[in-house]
Amino acid sequence: FLQDFLQEFIDTPQYPKYGVIAIAGPIVRNTCIMGNTEWPKIDGFELSKILNIPNFRLINDFESIGYSLLALPKQDQIILNQGRLKEGAPIGIMGPGTGLGVCHLISSHRQGQHVYDVFPGEGGHTTFSPQTEQELSLIHISEPTRLLSISYAVFCLKKKKNDFDCLITVSYTHI
């Protein structure tokens, strides 16, 4: 699809020199291996070659939200709970999607300017570590994997549908 779209601009000054695609999943070295889709992996370096875009990056979907939040005009913002914003304070972003996306914005000063650095994460890939008797009773779900630890995302995939209500209770106790 992207190749077809870009063909219109090939050999013109409008052909992009930079490209970014935001993906719902962890990005490591410009590559995303998605555990919840049929795509084996998405490689930003390969896309750069295929699309002939020299500067091409994959970023996490919540990283893109972090960057866009900083540019969102006040008139497009909706206040859900009134509070006092302290300039330079850290900002946390969290939301459901294919998992539980998270992003942190941390303030710093560079070249005399106040800027935020964006740090994405995957909240659904945090480790499931039982804290209560009820949670401990569910640990058998991870047993067949023989893993030292199991993420909430993998735990959810292994959980049977008929036990889903119990899982919801367990999952939300740590958020």
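A quick note: this is a predicted structure, and the numbers were derived from the prediction, not measured.

Visitor: Would you mind going over the overall build of the protein with me for this structure?
Guide: Scanning the protein for helices and strands turns up 6 helices and 8 strands. The secondary structure elements of the protein, listed N-terminal to C-terminal, are α-β-β-β-β-α-β-α-β-β-β-α-α-α. For the protein, with 175 residues in total, the buried portion stands at 27%. Carbon and sulfur atoms make up 57% of the accessible area of the protein, which totals about 12,900 Å².

Visitor: Would you mind going over the nonpolar core with me for this structure?
Guide: Considering soluble globular proteins, one finds that nonpolar side chains tend to be buried as a cluster. If you look at the biggest cluster of nonpolar residues, it comprises 11 residues: Leu6, Tyr15, Ile23, Cys32, Met34, Ile42, Leu47, Leu51, Ile53, Phe56 and Leu58. If sequence neighbours within four positions are ignored, Leu6 has contacts with Tyr15, Pro16, Leu51 and Ile53.

Visitor: Which parts of the structure should I look at to understand helix α2 (residues 44-51)?
Guide: The α-helix winds at 3.6 residues per turn, so residues separated by three or four positions along the chain end up facing the same way. All of the buried residues in α2 are Gly44, Leu47, Ser48 and Leu51. One side of α2 holds all its buried residues, which, seen down the axis, span an arc of 105°. Sitting at the head of α2, Asp43 places a side-chain oxygen 2.8 Å from the backbone nitrogen of Phe45. Looking one or two residues past α2, Asn52 carries a phi angle of roughly 55°, positive in sign.

Visitor: Help me understand the pattern of salt bridges, please; the structure alone is not making it clear to me.
Guide: When charged atoms on two side chains of opposite charge get close, those side chains can pair. Applying the stated criterion to the full structure yields 3 salt bridges. Across the pair Lys49 and Glu46 runs a salt bridge whose closest N-O atoms are separated by 3.8 Å. With Lys49 and Glu46 both in helix α2, this residue pair falls 3 residues apart, about one helical turn. Judged by relative accessible area, which is 39%, Glu46 ranks as partly exposed. Salt-bridge contacts for Arg57 lead to Glu63; the nearest nitrogen and oxygen are separated by 3.4 Å. Assessed through its relative accessible area of 9%, Glu63 is described here as buried.

Visitor: Mind showing me how you'd approach the sheet that holds strand β6 (residues 91-96) here?
Guide: Consider a sheet: its strands pair through backbone hydrogen bonds, and that pairing is either parallel or antiparallel. Strand order in this open sheet of 3 strands is β6-β7-β8, and the pairing throughout is antiparallel. Each of the sheet's edge strands pairs with one partner strand only, and the pair in question is β6 and β8 (113-122). Neighbour-to-neighbour, the strand axes of this sheet turn through a mean angle of 20°, independent of strand direction. As paired elements, strand β7 (residues 100-110) and β8 share 10 bridges and run antiparallel to each other. Considered in β8, the bridge of Ser107 is made with Tyr116.

Visitor: Before we go on, may I ask you to explain the side chain of Asn60 in this structure?
Guide: As for its placement among the helices and strands, Asn60 is situated in strand β5 (residues 55-60). Every residue in contact with Asn60, bar those within four places of it in the chain, is listed here: Ala22, Ile23, Gly25, Pro26, Ile27, Pro120, Gly121 and Glu122.

Visitor: Which parts of the structure should I look at to understand unusual backbone geometry?
Guide: Most peptide bonds take the trans configuration, and most residues that are not glycine carry a negative phi. At Arg29, a position not held by glycine, the phi torsion is positive, near 50°. With respect to the helices and strands, Arg29 occurs in the loop between β2 (27-28) and β3 (31-32). Here Gln111, not a glycine, exhibits a phi torsion of approximately 50°, which is positive.

Visitor: Honestly, the side chain of Ser108 in this entry has me stumped. Any pointers?
Guide: Mapped onto the elements of the fold, Ser108 is located in strand β7. Here the side chain of Ser108 touches Asp117 through a polar contact of 3.3 Å, side chain to side chain. When near neighbours in sequence (up to four residues on either side) are disregarded, Ser108 contacts Gln113, His114, Val115 and Asp117.

Reading the values: rules and limits
- Residues numbered from 1 in each chain as written.
- Predicted model: local features only at pLDDT ≥ 70, side-chain atom pairs only at ≥ 80, totals over all residues.
- Heavy atoms only, no water.
- Helix = DSSP H or I, 4+ residues; strand = E, 2+ residues; numbered from the N terminus.
- Buried < 20%, exposed > 50% of the residue type's maximum accessible area, 1.4 Å probe, protein only.
- Areas by Shrake-Rupley, 256 points an atom, 1.4 Å probe, with all protein chains shown as cover.
- Core = buried A, V, L, I, M, F, W, Y, C linked by side-chain atoms within 4.5 Å.
- Contact = heavy atoms within 4.5 Å.
- Arc of directions from axis to C-beta.
- Polar contact = N/O pair within 3.5 Å; in protein donor to acceptor, adjacent residues only side chain to side chain.
- Salt bridge = Lys/Arg side-chain N within 4 Å of Asp/Glu carboxyl O.
- Pairing = 2+ DSSP bridges.
- Axes fitted to C-alpha atoms, helices over the stretch in contact; angles between N-to-C directions.

As far as function goes, none of this settles anything; it's purely spatial.
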